[in-house]
Amino acid sequence: MALNLNKNLKLYYSIKEVAAMFGVNESTLRYWEQEFPYLKPKTSGPSKIRQYQEKDIEQIRLIHNLVKVRGFKLAAAKKIISANRDGADRRAEVISRMIDVREQLQSLRRQLDYLT
């Protein structure tokens, strides 16, 4: 079996880590859990500490894209997700990639400006 170097070794993320990934408050994530029934992170212990897995983070990425990036209301985001789950996932992935490419291009431009 080949070693997968790109595989993320971390299985669970805290609510604080996930909130920092998306630049939202922890309370926003808790609210989204109430509004979107398929977003259910694992909870452990009597204090119900949330443990987010990669699948949960992908759900949050989709919700974040629809609500924060594209500006949809929560009700509209729910409709989009329920009506066309696969299409919404693909669009969110494409937009995420485009944002990454834009950031890389801006970084290159800053480096070129520095050189000239």
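A quick note: this is a predicted structure, and the numbers were derived from the prediction, not measured.

Definitions and cut-offs
Residues numbered from 1 in each chain as written. Predicted model: local features only at pLDDT ≥ 70, side-chain atom pairs only at ≥ 80, totals over all residues. Heavy atoms only, no water. Axes fitted to C-alpha atoms, helices over the stretch in contact; angles between N-to-C directions. Helix = DSSP H or I, 4+ residues; strand = E, 2+ residues; numbered from the N terminus. Parallel < 35°, antiparallel > 145°, perpendicular 65-115°, else oblique. Left-handed = near helix turned anticlockwise from the far one by under 90°. Contact = heavy atoms within 4.5 Å. Nonpolar A, V, L, I, M, F, W, Y, C, P; charged D, E, K, R; others polar. 1 Å grid on protein atoms, 1.4 Å probe; cavity = no way out; pocket = protein on both sides within 12 Å on 5 of 7 lines; lining within 4 Å. Points joined across faces, edges and corners; volume = space filled by probe spheres on them.

**Quick word on the packing of helix 3 (residues 54-69) against helix 4 (residues 74-83)**
Two numbers describe how helix 3 lies on helix 4: the axes approach to 9 Å, and their chain directions differ by 130°. Between helix 3 and helix 4, the angle is such that the two are oblique. Note on packing geometry: the crossing formed by helix 3 with helix 4 is right-handed. Residues L62, I63, L66 and V67 of helix 3 form the contact with helix 4, whose own contacting residues are L74, A77, I80 and I81. Counted by class, the contact of helix 3 with helix 4 contains eight nonpolar, no polar and no charged residues.

**Some thoughts on the layout of surface pockets**
Roughly 240 Å³ of volume is contained in the largest pocket. Along its surface, the largest pocket is lined by twelve residues, and F22, R61, H64, S96 and I99 are the ones closest to its centre. Those elements that provide at least two residues to the lining of the largest pocket are helix 1 (15-22), helix 3 and helix 5 (85-115). At six residues, helix 5 tops the list of elements feeding residues into the lining of the largest pocket. A class-by-class count of the residues in the lining of the largest pocket yields six nonpolar, three polar and three charged.

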